[in-house]
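# Report on the structure
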Amino acid sequence: MAALILVLGDQLTDTLPAIAHASKGSDTILMAEVREEATYVKHHKKKIAFLFSAMRHFAKHLKDHNYNVNYVHYDDEENKGSLLEQIKHCLTTQKFSEVKVTTPGEYRLLKSMEQWENVLGVPVTICEDNRFLASPDDFSAWAEGKKQLRMEFFYREMRRKHSVLMDGKNPIGGKWNYDAQNRESMRETHKVPKHTELKPDNMTQEVIELVKNHFDEHFGALDDFHFAVTREDALVVLNTFIDERLPNFGQYQDAMVEGKPWLYHSHIGFYLNCGLLTPKEAIQAAEQAYHAGQVPLNSAEGFIRQILGWREYVRGFYWHFMPGLKTDNYFDNRRALPSFFWNGQTNMNCMRQCIKETQQNAYAHHIQRLMVIGNFSLLTELSPEEVQAWYLLVYADAYEWVELPNVAGMILYSDGGNLASKPYVASGSYINKMSNYCKNCGYQVSKKTGPKACPFNYLYWHFIDKHKEKLSNNHRMAMIYKTYSRMKEENIEGMKKDATIFLSKLTKNEEV
Ligand SMILES: Cc1cc2nc3c(=O)[nH]c(=O)nc-3n(C[C@H](O)[C@H](O)[C@H](O)COP(=O)(O)OP(=O)(O)OC[C@H]3O[C@@H](n4cnc5c(N)ncnc54)[C@H](O)[C@@H]3O)c2cc1C
Ligand code: SF4
């Protein structure tokens, strides 16, 4: 008997068991551009255009390979607006003996799917998502009995288990991690090889028009769309990165330069997360480039750690700690997002640059997300719920399984330290060291107090002071609290006063 197989927008991989085991003669693959998923947060226009176009290209790929595909376009009359209603509609128009889905990347959707069998009256099988190198069960088995879940130790296990960059039982080069070599800033005059830009074909142009017509009030710019939307083009992006930018990836991984959003990063998160590329092939490509002598170890290891370590770790972490991870609020932060998060209009040049680039590209690299926007969000006590929603909608690579651990665990410490060994907070001097933003800023990074002082400076010490009860026993914060204890009372009071003025301006949504 025939099965109806639902394929979601981030499941565009034909080796997924639900697709690979489909009977081409009798089963039907259902793909739908449904309103509920496109609008439950107001995703960046480029993110919607990217995913709808990638879905349409994938459906064509499946049809070219003789699968029966029922593709429901956003403006089709038959579009029922939600996944469940679309499936119900299919079951009324055609006879299917079962429904198959692949485990989704979001807890909300999984919990809903687990109820579908009761509603639909046919068996619903939730198939495995085999694209990751560690399953949620693998993660939970690793986490069992551990007091602290540190990515570094998970990553070492993954290196051993998958035999990546190993020399027998030892890491190649003798060290597991070469981050100490990966913290260089970049001169403004440094020429970075151009990132890959792909010209939109007719199918993508049609989707861009659709997004213009239906999602006009969503965040972000739609012009200059150049993402890959097929596996072939995503492979071009990956291979060009390996050949041209991976050699310098490690060295400049943390650097930020005004007007240069792409730098030496890979820009493959978009494709890994929707399934056009697999993590395994990205890891293998980097490892092979290292063995061929094309890239230094610090770059190959640094890049592989992001995928084999961080990406796998946050996915396991997400399923391990949901649903609590979404509502945790360790510091009880409640401030609403300031309006400049939506338009970049602030005198703080670092925030202006990172938000404007996000608005234009649906992309910002890791240190911009972490040490500028993330750092600001924690220091200004923004509500985790609002920050999570923002990060989920502004980036084209954002899905809850990967966004939430990074936001709740890494930048906001709202889980109380399950993910990060200490809060990722820093004063303006870190941003000044890693970027040229401070040169064109309305504030002065060298000033600690007063109207012209860099807000990160006083906000940082305000945070340290305010949370001493919760943080001073953390041995990774010991140096900071030692410095704090030596500071003059009047200096601390001055910074606390400036922080209070700044925070009250934010609450009133005044320009900062
Ligand atoms: C607050 C915050 C929110 C984030 N939200 C997302 C998100 O929604 N989706 C997402 O894919 N990544 C997210 N990240 C992680 C990281 O910033 C992006 O993966 C990266 O910037 C994507 O750009 P790239 O492909 O050029 O990555 P590169 O810098 O070239 O890194 C290579 C790959 O490593 C993986 N990776 C690196 N760091 C992480 C990480 N911390 N967690 C998971 N994977 C990682 C990604 O797959 C990435 O494509 C977030 C980080 C922070 C601090
Ligand atoms: S001075 Fe402060 S606010 Fe301005 S760019 Fe530098 S770090 Fe950002």
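Conventions and cut-offs
Residues numbered from 1 in each chain as written. Chains lettered and ligands numbered in written order. Predicted model: local features only at pLDDT ≥ 70, side-chain atom pairs only at ≥ 80, totals over all residues. Heavy atoms only, no water. Near = heavy atom within 4 Å. Nonpolar A, V, L, I, M, F, W, Y, C, P; charged D, E, K, R; others polar. Pairing = 2+ DSSP bridges. Helix = DSSP H or I, 4+ residues; strand = E, 2+ residues; numbered from the N terminus. Axes fitted to C-alpha atoms, helices over the stretch in contact; angles between N-to-C directions. Contact = heavy atoms within 4.5 Å. Domains from an automatic or database assignment. Buried area = accessible area lost by both parts, 1.4 Å probe. Salt bridge = Lys/Arg side-chain N within 4 Å of Asp/Glu carboxyl O. Polar contact = N/O pair within 3.5 Å; in protein donor to acceptor, adjacent residues only side chain to side chain. Areas by Shrake-Rupley, 256 points an atom, 1.4 Å probe, with all protein chains shown as cover. Phe/Tyr/Trp six-rings, centres within 6.5 Å; stacked < 30°, edge-to-face > 60°. Buried < 20%, exposed > 50% of the residue type's maximum accessible area, 1.4 Å probe, protein only.

Here the focus is the site of ligand 2. In the region of ligand 2, the neighbouring residues are Met348, Cys350, Gly428, Ile431, Tyr437, Cys438, Cys441, Tyr443, Val445, Cys454 and Phe456. By residue class, the composition of the shell around ligand 2 is ten nonpolar, one polar and no charged.

This paragraph deals with the sheet that holds strand S2 (residues 28-32). Reading across from one edge, S3-S2-S1-S4-S5 is the order of the five strands in this open sheet, with parallel pairing throughout. Strand pairing shows two members of the sheet lacking a second neighbour, strand S3 (68-72) and strand S5 (124-127), which therefore form its edges. Looking at each pair of strands side by side, their axes are set apart by 25° on average, direction ignored. Judged from the five bridges that link them, S2 and S3 form a sheet pairing that is parallel. Looking across to S3, one finds that Leu30 is bridged to Asn70. The strands that helix H3 (residues 45-64) touches are S2 and S3; relative to S3, the one it contacts most, it runs at about 160°.

You can read the domains of the protein chain as domain 1 (3-127), domain 2 (144-316) and domain 3 (339-507). Its C-alpha centre places domain 2 at a distance of 24 Å from the equivalent point of domain 3. Facing 34 residues of domain 2, the contacting portion of domain 3 comprises 39 residues. Interface area for domain 2 against domain 3, summed over the two sides, is near 3100 Å², with a carbon-plus-sulfur share of 59%. On the domain 2 side of the interface with domain 3, the three residues burying the most area are Phe219, Met256 and Glu258, jointly 28% of the side's total. Viewed at the interface, domain 3 and domain 2 are joined by one salt bridge. In this structure, Lys439 engages Glu188 in a salt bridge whose closest nitrogen and oxygen atoms are separated by 2.7 Å. For the interface between domain 2 and domain 3, the tally reads 13 residue pairs in polar contact (both at pLDDT 80 or more). Those elements that place two or more of their residues in the side of domain 2 that touches domain 3 are helix H10 (269-274) and helix H12 (297-321). Among the elements that line the side of domain 2 that touches domain 3, the one with the most residues is H12, at five residues. Residue classes in the side of domain 2 that touches domain 3 are distributed as 15 nonpolar, eight polar and eleven charged.

This part covers the site of ligand 1. Near ligand 1 there are 29 residues, and of these His265, Ser266, His267, Asn273 and Tyr363 occur at the shortest range. Ser266 is positioned with one of its side-chain polar atoms (N or O) 2.6 Å from an oxygen atom of ligand 1. One of the side-chain nitrogen or oxygen atoms of Asn406 is found 2.9 Å away from a nitrogen atom of ligand 1. With the chains in place, 99% of the 820 Å² that ligand 1 exposes on its own is no longer accessible.

Moving on: the packing of aromatic side chains. Scanning the model with the defined rule gives 44 aromatic pairs in all. Judged by centre distance (5.7 Å) and plane angle (75°), the ring pair of Phe219 and Trp342 falls under edge-to-face. Here Phe219, found in the loop between helix H8 (202-214) and helix H9 (231-249), pairs with Trp342, found in helix H14 (residues 340-343); they are 123 residues apart in sequence, far enough to count as distant. Residue Phe219 is classed as buried on the basis of its relative accessible area, which comes to 7%. The class of Trp342 is partly exposed, set by a relative accessible area of 35%. When the centroid spacing of 5.5 Å and the interplanar angle of 20° are considered together, the rings of Tyr252 and Tyr264 count as stacked. Within this pair, whereas Tyr252 is found in the loop between H9 and H10, its partner Tyr264 is found in the loop between H9 and H10, the two being separated by twelve residues in sequence. The buried category is assigned to Tyr252, whose relative accessible area is 10%.

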